[in-house]
Amino acid sequence: MRYFIEFSYNGKNYHGWQNQPHSVSVQEVMEKSLSTLLRTQIEIVGAGRTDSGVHALQMFAHFDVENPIDNQLVYKLNAFLPKDIAIYKIHRVKDDAHARFDAIKRTYEYHICTKKDAFRYESSMYVNLPLDVQKMEEAAKLLFKYVDFQCFSKSNTDVKTYNCKIYEAFWKQEESLLIFTISADRFLRNMVRAIVGTLIDVGLGKISLLDFQKIIESKNRCRAGASVPACGLFLKKVEYSENIFLVND
């Protein structure tokens, strides 16, 4: 029997989502907790990989068991797991449902703080220089013109294609907090952080809108902006077709 587990985590204390040989990952901590509570070895497959220090407001992973799970498992897991991982719900799904490959849309947010903030420094990038947010918004809209985002991909990544379909890309200002939201069918490794770094260059006047387009068309990571810090990045939402869920929640 296959289940999707829906959860969130603060990535500060983890070396990303995926299991690592010598560092603690979110996947490792959750697998150990599930294996202990279910009294059998459990392996989970996540909807994607987040890098070290990146957070998830909504993440999904799937796991298999032979027998139906206890309806108190969410409560038990939350009591067992550390405070920086929170379980929301466990969904029964079709036996061939896949948390990664069946995801049809993913949404990320990146948070920038434009003034020093004692409470946001661990979950945002601090930028104390004036940003032209209107120009950054115009540059973000240019993303819709393209599908190949190799210039924003981590180098030496083993992927078959650099094509991604962008559904949303916009900036929102909430007092001193500047939030970039981007949705796509898939993302390349380091893609969002590289896009934000390049958009910041637009906002600082280092590059023009035409330069931004030329960077995308170049397919050259060296021409794009620096990757922004991981602490400001949040996986906000992962979406699936309803027909993979066996029970409507």
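From a predicted model like this one, the values you see are computed outputs, not experimental measurements.

Undergrad: It is not clear to me how helix α1 (residues 26-38) should be interpreted in this structure. Could you clarify?
TA: An α-helix turns once per 3.6 residues; consequently, residues spaced three or four apart project the same way. Helix length check: α1 (13 residues) gives 18 Å between terminal C-alpha atoms against 18 Å at 1.5 Å per residue, within 8%. Within the span of α1, buried status applies to V26, Q27, V29, M30, E31, S33, L34 and S35. On its buried face, α1 sits against β1 (2-9), β3 (55-64), α2 (73-80) and β4 (85-93).

Undergrad: Would you mind going over the UniProt feature "active site" (unreviewed entry) in the protein chain with me for this structure?
TA: According to UniProt, the feature "active site" (unreviewed entry) maps to D51 in the numbering used here. Tracing the sequence through the fold places D51 in the loop between β2 (45-46) and β3.

Undergrad: Looking at this structure, how should I read the packing of helix α3 (residues 133-142) against helix α4 (residues 191-203)?
TA: Helices that pack against each other are described as a pair by the angle of their axes relative to one another and the distance between those axes. Look at α3 against α4: their axes get within 8 Å of each other, and the N-to-C directions meet at 135 degrees. Of the possible angle classes, the one that applies to α3 and α4 is oblique. In this structure, the crossing between α3 and α4 has a hand that is right-handed. In contact with K135, M136, A139 and A140 of α3, α4 contributes L199, I200, V202 and G203. Among the residues making up the contact of α3 with α4, the classes are represented as six nonpolar, one polar and one charged.

Undergrad: Would you explain the packing of aromatic side chains in this entry?
TA: One pair of aromatic rings is described through two measures. These are the centre distance and the angle between the planes. Throughout the structure, instances matching the rule amount to 13 aromatic pairs. Between F149 and F152, the aromatic rings sit 6.4 Å apart at their centres with planes inclined by 20 degrees, giving stacked as the arrangement. Each of the two residues, F149 as well as F152, counts as buried. Aromatic pair W171 and F180: ring centres 4.9 Å apart, planes at 40 degrees, arrangement tilted. Taken together through their ring pairs, the aromatic side chains of F4, F60, Y240 and F245 make up a single cluster.

Undergrad: What am I meant to see in the domain arrangement of the protein chain here?
TA: When the parts of a complex come together, some accessible area is lost, and that lost area is often used as the size of the interface. Under the domain assignment, the protein chain is made up of domain 1 (2-101) and domain 2 (105-236). Each of domain 1 and domain 2 has a C-alpha centre, and these two points are 28 Å apart. Across the boundary between the two partners, domain 1 contributes 14 residues, which contact 14 residues of domain 2. Buried area between domain 1 and domain 2, both sides added, is near 1,100 Å², and the carbon and sulfur share of it is 48%.

Undergrad: Honestly, the pattern of salt bridges in this entry has me stumped. Any pointers?
TA: Should their charged atoms come close, side chains of opposite charge can pair. Applying the stated rule across the entire model yields 12 salt bridges. E109 is paired through a salt bridge with K236; the nearest N and O atoms lie 3.1 Å apart. Of this pair, E109 sits in strand β5 (residues 103-113) while K236 sits in strand β9 (residues 233-240), and the two are 127 residues apart along the sequence. A relative accessible area of 9% places E109 in the buried class. Of the charged contacts in the structure, one is a salt bridge between D117 and R120, with a shortest N-O distance of 3.8 Å. Judged by relative accessible area, which is 17%, D117 ranks as buried.

Criteria and thresholds
Residues numbered from 1 in each chain as written. Predicted model: local features only at pLDDT ≥ 70, side-chain atom pairs only at ≥ 80, totals over all residues. Heavy atoms only, no water. Helix = DSSP H or I, 4+ residues; strand = E, 2+ residues; numbered from the N terminus. Expected span 1.5 Å × (residues − 1). Buried < 20%, exposed > 50% of the residue type's maximum accessible area, 1.4 Å probe, protein only. Contact = heavy atoms within 4.5 Å. UniProt positions renumbered as here; feature names shortened; annotations may be inferred. Axes fitted to C-alpha atoms, helices over the stretch in contact; angles between N-to-C directions. Parallel < 35°, antiparallel > 145°, perpendicular 65-115°, else oblique. Left-handed = near helix turned anticlockwise from the far one by under 90°. Nonpolar A, V, L, I, M, F, W, Y, C, P; charged D, E, K, R; others polar. Phe/Tyr/Trp six-rings, centres within 6.5 Å; stacked < 30°, edge-to-face > 60°. Domains from an automatic or database assignment. Buried area = accessible area lost by both parts, 1.4 Å probe. Salt bridge = Lys/Arg side-chain N within 4 Å of Asp/Glu carboxyl O.

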